[in-house]
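Report on the structure
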Amino acid sequence: MPHMEDNGSEKEQLFLQHIQNLPQERLDAIRGHPELVLKEIDEFTYPDGSGVRMCIGDVKGGFIVGKIRERKPKIMVELGGYLGYSAILFGNEISKIPGGRYYSLEVNEDYAKIAYELVKLAGLDEIVTIMIGKACDSLVELQQKLLHKDLGFQALDMVFIDHWKDLYVPDLRVIESLNMIAPGTLLVADNIITPGAPEYHKYVNMSPEERRGYQAKVRNVNGFDFIGRWDLIYKTETKEFEGVIRNKHRKDAVDVTECVGYAKKD
Ligand SMILES: C[S@@+](CC[C@H](N)C(=O)[O-])C[C@H]1O[C@@H](n2cnc3c(N)ncnc32)[C@H](O)[C@@H]1O
Ligand SMILES: [Mg+2]
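Residues numbered from 1 in each chain as written. Chains lettered and ligands numbered in written order. Predicted model: local features only at pLDDT ≥ 70, side-chain atom pairs only at ≥ 80, totals over all residues. Heavy atoms only, no water.

Description of the overall build of the chain
To keep it simple, the criterion reads: In this description a helix means any DSSP run of H or I spanning at least four residues, a strand means any run of E spanning at least two, and both kinds are numbered starting from the N terminus. Our radius of gyration is a C-alpha quantity, and the globule rule it is checked against amounts to 2.2 Å times the number of residues to the power 0.38. Exposure is judged per residue with a 1.4 Å probe applied to protein chains only, and the accessible area is read against the type maximum: over 50% gives exposed, under 20% gives buried, and values in between give partly exposed. The criterion used for residue contact is that any of the two residues' heavy atoms lie within 4.5 Å. A 1.4 Å probe and the Shrake-Rupley method give the accessible areas. Residues count as covered only by the protein chains that appear here. We count Lys and Arg on the positive side and Asp and Glu on the negative side, and we leave His and both chain ends out. To locate a charge, take atom NZ for lysine, CZ for arginine, CG for aspartate or CD for glutamate.
A count of helices and strands for the chain gives 11 helices and 7 strands. Here the C-alpha radius of gyration of the chain, 18 Å, is about what a compact globule of 266 residues would show, namely 18 Å. For the chain, the residues scored as buried account for 50% of the 266 residues in total. A sequence separation of at least 24 residues applies to 76% of the contacts in the chain between residues at least 6 apart. Summed over its atoms, the accessible surface of the chain is roughly 13500 Å², and 52% of this surface lies on carbon and sulfur atoms. In the chain, 34 positive and 42 negative side-chain charges are present, and the distance between their average locations comes to 4 Å.

Considerations on the UniProt feature "binding site: substrate" in the chain
Threshold: UniProt positions are given in the numbering used here, feature names are shortened, and annotations may be inferred rather than shown by experiment. The definition of a polar contact used here is a pair of N or O atoms within 3.5 Å, where within protein one atom must be able to donate a hydrogen and the other to accept one, and adjacent residues in sequence count solely through side-chain atom pairs.
Annotation from UniProt places "binding site: substrate" at Lys 165 and Asn 191. A maximum C-alpha distance of 8.1 Å among these annotated residues, which run over 27 residues, shows that they cluster at one spot. Within the secondary structure, Lys 165 is located in the loop between β4 (158–161) and α8 (168–177). The contact partners of Lys 165, leaving out residues within four places of it in the chain, are Asn 191, Pro 195, Gly 196 and Ala 197. Topologically, Asn 191 is positioned in the loop between β5 (186–189) and α9 (192–196). Here Asn 191 falls in the buried class, since its relative accessible area comes to 12%. Sequence-distant contacts of Asn 191, that is, excluding residues within four places in its chain, are made with Lys 60, Asp 162, Lys 165, Tyr 168, Gly 196, Ala 197, Asp 252 and Ala 253. Here the side chain of Asn 191 touches Asp 190 through a polar contact of 3.5 Å, side chain to side chain.

Brief notes about the coordination of the magnesium ion (ligand 2)
Selection criterion: Metal-coordinating donors are taken as N, O and S atoms lying within 2.8 Å of the metal, or within 3.2 Å when the metal is Na, K or Ca; because water is left out, some sites can appear incomplete.
For the magnesium ion (ligand 2), every protein donor is listed as Asp 162 (OD), Asp 190 (OD) and Asn 191 (OD1), and the spread of their distances is 2.1 to 2.2 Å. By relative accessible area, Asp 190 is classed as buried at 2%.

What about the nonpolar core?
Stated precisely, the cut-off is as follows: We call a set of buried Ala, Val, Leu, Ile, Met, Phe, Trp, Tyr and Cys residues a nonpolar core when their side-chain atoms join them within 4.5 Å.
Counting residues in hydrophobic clusters, the biggest one holds 46 residues, and the most contacted among them are Phe 15, Phe 90 and Leu 118. A total of 7 residues in this core trace back to one element, the largest contributor, which is helix α6 (residues 109–121). When near neighbours in sequence (up to four residues on either side) are disregarded, Phe 90 contacts Ile 56, Gly 61, Ile 64, Val 65, Ile 68, Met 76, Tyr 102 and Phe 160. In this structure, Ile 75, Leu 156, Ile 192 and Cys 259 belong to the second largest nonpolar core, which totals 37 residues.

Re the layout of surface pockets
Over the atoms, a rolling probe the size of a water molecule traces out where space has been left empty. Condition: A pocket, in this scheme, is an open set of points on a 1 Å grid over the protein atoms alone with protein on both sides within 12 Å along at least 5 of 7 lines, while a cavity is a set where a 1.4 Å probe fits but cannot get out; residues line either one if an atom lies within 4 Å of a point. Grid points are joined across faces, edges and corners, and a volume is the space filled by probe spheres set on the points. Only Asp, Glu, Lys and Arg are considered charged, only Ala, Val, Leu, Ile, Met, Phe, Trp, Tyr, Cys and Pro nonpolar, and every remaining residue, Gly among them, polar.
Counted as a void, the second largest pocket has a volume near 210 Å³. Surrounding the second largest pocket, 14 residues form its lining, Lys 67, Leu 186, Glu 237, Val 256 and Glu 258 being those nearest its centre. Counting residues per element, the ones that place at least two in the lining of the second largest pocket are α4 (57–71), β6 (232–245) and β7 (248–262). Counting residues per element, the lining of the second largest pocket draws most heavily on β6, at 5 residues. Tallied by class, residues from the lining of the second largest pocket come to 4 nonpolar, 3 polar and 7 charged.

Remarks on the UniProt feature "binding site: Mg(2+)" in the chain
The residues that UniProt annotates with the feature "binding site: Mg(2+)" are Asp 162, Asp 190 and Asn 191. What stands out for the annotated residues spanning 30 residues is how close their C-alpha atoms remain, the widest pair being 7.5 Å apart. By secondary structure assignment, the location of Asp 162 is in the loop between β4 and α8. What Asp 162 contacts, discounting residues up to four positions off in sequence, is Met 54, Leu 79, Gly 80, Tyr 168, Asp 190 and Asn 191.

So this is what it looks like as structure tokens:
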């Protein structure tokens, strides 16, 4: 079934025009200031009164920024970049970590182009790389790229999962199969309550044995090469958020999952 949000990007083009038509003085003022670029996104409204949708926002985003400060990941990847809000918010934190790099994986070329303009405006284009394509394909490409850049590369330090909810598990199984998760890797997944990602929440809370059964039973839509790794031990905490955002009362949660070791193979 096609996703609703796949239908073009007319609205998003209006937002891009708004940025491009900002008075020169304002553009000069926000250039190189990630927090001011984020403010432009936060404060923009379309003619129908709605704001830029789907962004992580400052509340859940602020919580994840806290995790980045705690863990100091050198390599962080996000699945689903949209217009670059999370890439700018988190990329700004990563820019404070020596050698830190942020990879934003986005399937929609129009969105990715807007994100690139905003990331450049924020002055983060040396830190944030936007990869256009399906996350499951870009992950394979990214691994090659990282191995080529750094022969010591093994696993990702942090992953932000925020694309289509029915792809959370299939794409996590790709990351597992590529051996890009190891003890110490932190996975942060958005929208656990609204709209909800029940399959993912179940998956990261399974014991290794349960996951072994799941992987044997449930085919990965990304192909047989990506069955997943059952022997990773995950520890998950669900952080709930509730409050009024853009005039609506909302409840949501973020799953924070740490890989803490390997289960013994028999
Ligand atoms: C919720 S938005 C991301 C919001 C962004 N993380 C933020 O906080 O600013 C989800 C994005 O995932 C993208 N997407 C959907 N399926 C994808 C896939 N298979 N690979 C990469 N991106 C995908 C959509 O095009 C959309 O832009
Ligand atoms: Mg989200």
